[in-house]
Amino acid sequence: MPQINQLLLVYQSQWFWLLLVIGVIYFVIAKGMAPKIEATIDARDAKIAGDLAAAANARATADDHEETVRASAASARGDAQSVLAAAKINAAKASEKRLAKAGSEMAAMMTEAEAKLGAARTKAMANIEGVAVDAAQAIVSKVSGATITAADASGAVKAVLAHG
């Protein structure tokens, strides 16, 4: 049969062209496309590595700045506390001085008021004695119709006031 005889010749040429096409495709991909793909991947990896390095550098810089800010904040807080403590001490001293001055002024005013009160009491007692003498004379004359002298009435009033 001639068809079977041709089969070996046809298959050999098909195998040849198949290997030739696969070889061409391999060389086109391996020599033309693969280097471009590798270059793109390498460029992408380099960019990612550069971005990661920049991010790490930025993080380190931010950490340094944060540490500096924390240190300056702590220093400022300490300075503020020392200023506050000094202000409290100064205010307490000023308050003590004002209180001492006010206390001495109050003591002087109290002494003066007690002296005035004593003088007023003495004057009032003298006036009370005079009024009591007049009242005693008027009561005795109205009740008994007798008259008594101012000296007798004064002695009686003094005796009553002395014994309460």
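Just above sits the structure.
A. Representation of the packing of aromatic side chains within the structure. Counted according to the given criterion, the structure contains 2 aromatic pairs. On the basis of an interplanar angle of 70° and a centroid distance of 5.4 Å, the ring pair of Tyr26 and Phe27 is categorised as edge-to-face. Residue classification places Tyr26 among the exposed residues on the basis of a relative accessible area of 53%.

B. Geometry of the environment of Tyr26. Tracing the backbone through its elements, the reader meets Tyr26 in helix 1 (residues 2-143). Through-space distance from the C-alpha of Tyr26 to that of Val157 is 148 Å; in sequence the pair is 131 residues apart.

C. Examining a nonpolar patch on the surface more closely. A contiguous nonpolar patch, built from Phe16, Trp17, Leu20, Val21, Val24, Ile25, Val28, Ile29, Met33, Ile37 and Ile41 and spanning about 1,000 Å² of accessible area, is present on the exposed surface. As for its position among the elements, Met33 is in helix 1. Using a relative accessible area of 47% as the deciding quantity, one classes Met33 as partly exposed.

Conventions we followed
- Residue positions are given per chain, counted from 1 along the sequence in the order it is written.
- Totals for whole chains, interfaces and linings use all residues, but because this is a predicted model, local features are given only for residues with pLDDT of at least 70 and pairs of side-chain atoms are given and counted only at 80 or more.
- With hydrogens and water excluded, all non-hydrogen atoms of the structure serve as input to the side-chain values.
- Stacked, tilted and edge-to-face are the three classes assigned to paired rings of Phe, Tyr and Trp, where Trp is represented by its six-membered ring and a pair needs centres within 6.5 Å; plane angles under 30 degrees give stacked, over 60 edge-to-face, the rest tilted.
- Exposure categories follow from relative accessible area, calculated using a 1.4 Å probe and restricted to protein chains: below 20% of the type maximum is buried, above 50% is exposed, and the middle band is partly exposed.
- The secondary structure listing takes helices from DSSP runs of H or I that are at least 4 residues long and strands from runs of E that are at least 2 residues long, numbered from the N terminus.
- Within this analysis, patches are made of residues with over 30% relative accessible area and no salt bridge. Like charges are joined at 9 Å or less; nonpolar side chains (Val, Leu, Ile, Met, Phe, Trp, Tyr) at 5 Å or less.
- Here the open area of atoms and residues is found with the Shrake-Rupley method and a 1.4 Å probe, where only the protein chains shown may cover a residue.
- Salt bridge, as applied in this entry: a Lys or Arg side-chain nitrogen positioned within 4 Å of an Asp or Glu carboxyl oxygen.

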